[in-house]
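Listed below are the residues making up each chain.
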Amino acid sequence: ATRPLQVIGEDARLLAAGTDEKTAPLMVLVLGETVRAANFGLNGYARDTTPQLRQLQDQGDLVYFSDVTSCGTSTQASVPCMFSHLDKAAYEGSQERFESLLDVLQRAGLAVLWLDNQSGCKGVCERVPNVSTTALNVPEFCKDGERLDEVMLHELPKQLAALDPAKRAKGTVVVMHQMGSHGPAYYKRSPKALKQFLPECSSHALQNCPPEQIVNAYDNSILYADHFIAKTVHWLQAQSRPTALMYV
């Protein structure tokens, strides 16, 4: 952290920038916290934990990439690596501090926004507009100090409107960092209406729960991620501008 920040992509520029906000593209990148591909319905899991995404796939609106590996098994390791210009081995072997992909996108002229419903961006979003949901109180999505990921989509239009209009006219990239399936309180990661796999472990102390109840709570969290991603896709499809979503 004491090393100087090294600039990358100083020559970055937009080859096909938008001319106004109505036609400039909007891309949303969703970071899915602690989701295992092994429990993902689209990846062949025995349970259909991704019914809404499967419907989008059947309609030709979604492509599932199965040959993907995480940079690490913690947020602190994975998030900076994910936005690094280095591959996994080079990133882990370097002691230098570099700018991230978001710095380059912003330098190229795009509007960039980070919405966080997790423990922060681990330095990735320090130099771009960023908002944490910890200060939000939307009764529909916030209860007992916990905030469902949908609160980010609820906040998105307001935060987009606050970005630099000149940059928005060229294009916008939004990152939404989910609480996702973060444990050990898996049961808090899904609303009651979407709890399909029961009974579920309703304790932080997983050692006190039968394994099948832990799996139920975890799979319910993926059902909710499926709901959140699909809802975001439908919101994007309703926009008049070109849009895209990537979930990792």
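Residues numbered from 1 in each chain as written. Predicted model: local features only at pLDDT ≥ 70, side-chain atom pairs only at ≥ 80, totals over all residues. Heavy atoms only, no water.

(A) View of the pattern of salt bridges. Enumeration according to the criterion identifies 14 salt bridges in this entry. In this structure, Arg-3 and Glu-96 form a salt bridge, with 3.3 Å as the shortest nitrogen-oxygen distance. Within this pair, whereas Arg-3 is found in the segment before strand 1 (5-6), its partner Glu-96 is found in the loop between helix 3 (88-93) and strand 3 (97-98), the two being separated by 93 residues in sequence. On the basis of relative accessibility, which here comes to 39%, the residue Arg-3 falls in the partly exposed class. (Salt bridge = Lys/Arg side-chain N within 4 Å of Asp/Glu carboxyl O. Helix = DSSP H or I, 4+ residues; strand = E, 2+ residues; numbered from the N terminus. Buried < 20%, exposed > 50% of the residue type's maximum accessible area, 1.4 Å probe, protein only.)

(B) Representation of the sheet that holds strand 5 (residues 130-132). Pairing is parallel across the open sheet formed by 5 strands, whose spatial order is 5-4-8-2-9. At either margin of the open sheet sits one strand with a lone partner, and together these are strand 5 and strand 9 (243-247). The average angle at which neighbouring strand axes cross in this sheet is 15°, direction not considered. Across 6 bridges, the pairing between strand 2 (residues 26-31) and strand 8 (residues 172-177) is parallel. For Val-28, the partnering residue across the bridge sits in strand 8 and is Val-174. Most of the contacts of helix 7 (residues 211-237) go to strand 9, to which it runs at about 165°, and overall it touches strand 2, strand 8 and strand 9. (Pairing = 2+ DSSP bridges. Axes fitted to C-alpha atoms, helices over the stretch in contact; angles between N-to-C directions. Contact = heavy atoms within 4.5 Å.)

(C) Inspection of the state of the cysteines at higher detail. Under the definition given, this model contains 3 disulfides. Between Cys-121 and Cys-125 runs a disulfide, and the two sulfur atoms are separated by 2.2 Å. Disulfide Cys-121-Cys-125: the torsion about the S-S bond is -85°, which places it as left-handed. Take Cys-121 and Cys-125: they sit in the same class, and that class is buried. With its bonded cysteines labelled in order along the sequence, the protein chain shows the pairing 1-2, 3-4, 5-6. (Disulfide = S-S within 2.5 Å.)

(D) Focus on unusual backbone geometry. Along the chain, Gly-183 connects to Pro-184 via a cis peptide bond; the corresponding omega equals 5°. Mapped onto the secondary structure, Pro-184 falls in the loop between strand 8 and helix 7. Backbone torsion omega between Leu-198 and Pro-199 reads -5°, so that peptide bond is classified as cis. Note on placement: Pro-199 falls in the loop between strand 8 and helix 7. For Thr-34, which is not glycine, the phi dihedral falls at a positive 55°. Tracing the backbone through its elements, the reader meets Thr-34 in the loop between strand 2 and helix 1 (51-58). Thr-34 sits in the partly exposed class, given a relative accessible area of 36%.

(E) Structural context of the side chain of His-177. Along the chain, His-177 turns up in strand 8. By relative accessible area, His-177 is classed as buried at 0%. Sequence-distant contacts of His-177, defined by excluding residues within four places in its chain, comprise Leu-31, Glu-33, Thr-75, Val-79, Trp-114, Leu-115, Asp-116, Asn-117, Gln-118, Gly-120 and Met-152.

(F) Summary view of the packing of aromatic side chains. In this structure the tally under the stated criterion is 4 aromatic pairs. Between Phe-83 and Trp-114, the ring centres sit 5.5 Å apart and the planes meet at 55°, which makes this aromatic pair tilted. Linking Phe-83 in the loop between helix 2 (75-82) and helix 3 with Trp-114 in strand 4 (residues 111-116), this pair joins segments that are 31 residues apart in sequence. Summarising the burial analysis for this pair, Phe-83 and Trp-114 share the class buried. Lying over the aromatic face of Phe-197, Arg-47 brings its terminal NZ or CZ to 4.3 Å of the ring centre. (Phe/Tyr/Trp six-rings, centres within 6.5 Å; stacked < 30°, edge-to-face > 60°. Lys NZ or Arg CZ within 6 Å of the ring centre and 35° of its normal.)

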